[in-house]
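Chain and residue survey
The residues making up each chain are set out below.
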Amino acid sequence: MKRLLLFEPSVETLHFFSDRMAEEYTAMGYDVRIIRIHEPFFGLNALTEFIIPHETVMITFNYHGIQREAIFHTEDGVLLWDLYDVACINIIVDHPFYYYEELRYLPKRYMQICIDEDHTDYMHRFYPEIHCGKTMPLAGCAYRPEFGSGSSFPEQEDVIDPARHFSPDNRIIPPVLSPAKRSTGVVFTGCYTPPDFFLPYMKRNGADYDAFYHGILDDLLADPDQCIHTVYLRHLNRELPELTKEELKNVMNKMIFLDLWIRFTFRGEAIRTLLDADIPVHCIGAGWDKFPTKHDERLTHTEYSDTKVCLKALSEAKVSMNVMPWFKRGAHDRIYSSMLNGAVCVTDGSKYLHRHFKDRDTLCYYSLKELHRLPEIVTGLLARPDTMDSIASRAYTYAKEHLTWKQFAKELEPYFTIV
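Here's a quick rundown of the structure. (Residues numbered from 1 in each chain as written. Predicted model: local features only at pLDDT ≥ 70, side-chain atom pairs only at ≥ 80, totals over all residues. Heavy atoms only, no water.)

1. Structural notes on the pairing of strand S5 (residues 110-114)
The condition that has to hold: Partly exposed describes any residue whose relative accessible area lies between the buried limit of under 20% and the exposed limit of over 50%, with all areas from a 1.4 Å probe on protein chains only and scaled to the type maximum. A run of H or I in DSSP counts as a helix once it spans at least four residues, and a run of E counts as a strand once it spans at least two, with each numbered from the N terminus. Should DSSP find at least two bridges between two strands, the strands are regarded as paired.
Within S5, 5 of the 5 residues are buried, which leaves the element mostly enclosed by the surrounding structure. Taking every second residue as pointing to the same face, both faces of S5 are buried, with Tyr 110, Gln 112 and Cys 114 on one and Met 111 and Ile 113 on the other. Bridge analysis of strand S4 (residues 87-92) against S5 gives 5 bridges, and the strand direction is parallel. When the sheet's bridge partners are listed, Asn 90 is paired in S5 with Gln 112.

Pasting the structure below:
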């Protein structure tokens, strides 16, 4: 049986995901180690003693562990994973154009998993030489009181054996209350950055570039169902038809601020639409204290601390508001976690979501093109406790069977012998 390596980077959500996967693979009988990525790193001997060449698979998120970190290279600059013939499965939770530099320096045995079908298509078009598995949206997670702040493990360890800390018999999930019995109305879990923050990036190269960037944004605002890299390419091919394939990849990487601008714009507009309709919203995440609204009394917020806080909030909310981070053919774990915590998820759609979930069956859809209808959808739910309860019950039953980290781990397992 293969040995597995997972990683705890500094990004809290990503090491929470790794912890959940380590937990599941340990329960499945795998020999697992979690590597804490930080400097100074004192776990090199323990790491190399654990690795069996040709028989070890590393699973990481967003290139952590393969970002040319010095701690994973020999003194001669050889990547540890290549030296010991470790296979790498990398799950990226953002669009691949964020990772132009990382995609230039990959381990020899490498496979990539994307969480949106547009992202997978982008890889096939621009990186046909890189092996990609099927599209796999991330799993959801039910709130558990034993989730700690930050790492699940003792701080002094750099190479962690999760079998010493996880017990399959100790995973206590509190009873899920029906939405009608909950104290919180609408919750949104996610940060906010004012779109004006990105304006200097648009203006830095002069008026012509500023106009070019705003043309892309106007296109996305007019039709928010579009894949973002498709819009990028349409404008780039029209304005700069001489760009090579490599140059296109590089330029799209330099325009990630447009992706952030558009997602935060719609995130803010969705929340503002609810507040303007006299619907209180509790937001969890950084930046909401800077959100411009005429209805401060209806917006409450909690600064983001860790995933546990978000999951607990979902377990106490009637409605979980979601705005997709521009995944037009994928899903977001916030939706699945809402289902697993018994909240009714109200979300904008995607081709993937519409293919798998019917409106008002396990979730409720609104359209970014018709945000004026969002308050009616939310108030309609809040006024009908029986409807909320039936949607939440169906969603919970389905998600518990199909959308957990246990299911995700099993779905990823066949790739261990392919990489």
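2. Description of the packing of helix H4 (residues 117-126) against helix H8 (residues 245-253)
To keep it simple, the criterion reads: The axes used here are C-alpha line fits, helices contributing only the stretch in contact, and every angle between their N-to-C directions lies in the interval 0 to 180 degrees. Throughout, a residue-residue contact means that at least one pair of heavy atoms, one from each residue, lies within 4.5 Å. Three residue categories are used. Nonpolar comprises Ala, Val, Leu, Ile, Met, Phe, Trp, Tyr, Cys and Pro, charged comprises Asp, Glu, Lys and Arg, and polar comprises the others, including Gly.
At a minimum axis separation of 11 Å, H4 and H8 run at an interaxial angle of 145 degrees. Contact residues: H4 offers Tyr 122, Arg 125 and Phe 126, while H8 offers Lys 245, Leu 248, Lys 249 and Met 252. Classifying every residue of the contact of H4 with H8 gives 4 nonpolar, no polar and 3 charged.

3. Brief notes about the environment of Pro 96
Within the secondary structure, Pro 96 is located in the loop between S4 and S5. Along the primary structure Pro 96 and Lys 249 are separated by 153 residues, whereas in three dimensions their C-alpha atoms are 9.7 Å apart. Those residues within four positions of Pro 96 in sequence are excluded, and the remaining contacts are Leu 103, Gln 112, Cys 114, His 119, Tyr 122 and Met 123.

4. Thoughts on H4
For the α-helix, the turn length of 3.6 residues means that residues three or four positions removed from each other point alike. Rule in force here: The term polar contact refers here to a pair of N or O atoms within 3.5 Å; inside protein, the definition further demands a hydrogen-donor-capable atom paired with an acceptor-capable atom, and it admits residues adjacent in sequence only when both atoms are side-chain atoms.
With respect to burial, H4 is a largely interior element, 7 of its 10 residues being buried. Here H4 starts with a cap whose side-chain oxygen sits 2.6 Å from the backbone nitrogen of Asp 118, and that cap is Asp 116.

5. Observations regarding the nonpolar core
For clarity, the threshold we go by: The term nonpolar core refers to a set of buried residues drawn from Ala, Val, Leu, Ile, Met, Phe, Trp, Tyr and Cys, joined through side-chain atoms within 4.5 Å.
By size, the foremost hydrophobic cluster in this structure holds 85 residues, and its most contacted members are Trp 81, Met 321, Val 346 and Tyr 366. Ignoring sequence-local partners within four residues, the contact set of Trp 81 consists of Leu 5, Phe 7, Leu 47, Ile 51, Met 58, Gly 65, Ile 66, Phe 72 and Val 86. Counting 60 residues, the second largest nonpolar core, distinct from the first, contains Ile 59, Met 111, Leu 311 and Tyr 415.

6. Let's talk about helix H9 (residues 256-276)
Stated precisely, the cut-off is as follows: Expected helix span is given by 1.5 Å per residue-to-residue step, counting one fewer step than there are residues.
With 21 residues, H9 should reach 30 Å at 1.5 Å per residue; the first-to-last C-alpha distance of 30 Å fits that figure. Most of H9 sits inside the fold, with 17 of its 21 residues counted as buried. Positive backbone phi, at 70 degrees, marks Asp 278, one or two positions downstream of H9.

7. Some details on the packing of aromatic side chains
Cut-off, in case you're wondering: Stacked, tilted and edge-to-face are the three classes assigned to paired rings of Phe, Tyr and Trp, where Trp is represented by its six-membered ring and a pair needs centres within 6.5 Å; plane angles under 30 degrees give stacked, over 60 edge-to-face, the rest tilted.
Counted according to the given criterion, the structure contains 34 aromatic pairs. Considering the side-chain rings of Tyr 122 and Tyr 127, the 6.5 Å spacing of their centres and the 45 degrees angle between planes classify their relative orientation as tilted. A relative accessible area of 4% places Tyr 127 in the buried class. Between Phe 212 and Tyr 213, the ring centres sit 5.9 Å apart and the planes meet at 55 degrees, which makes this aromatic pair tilted.

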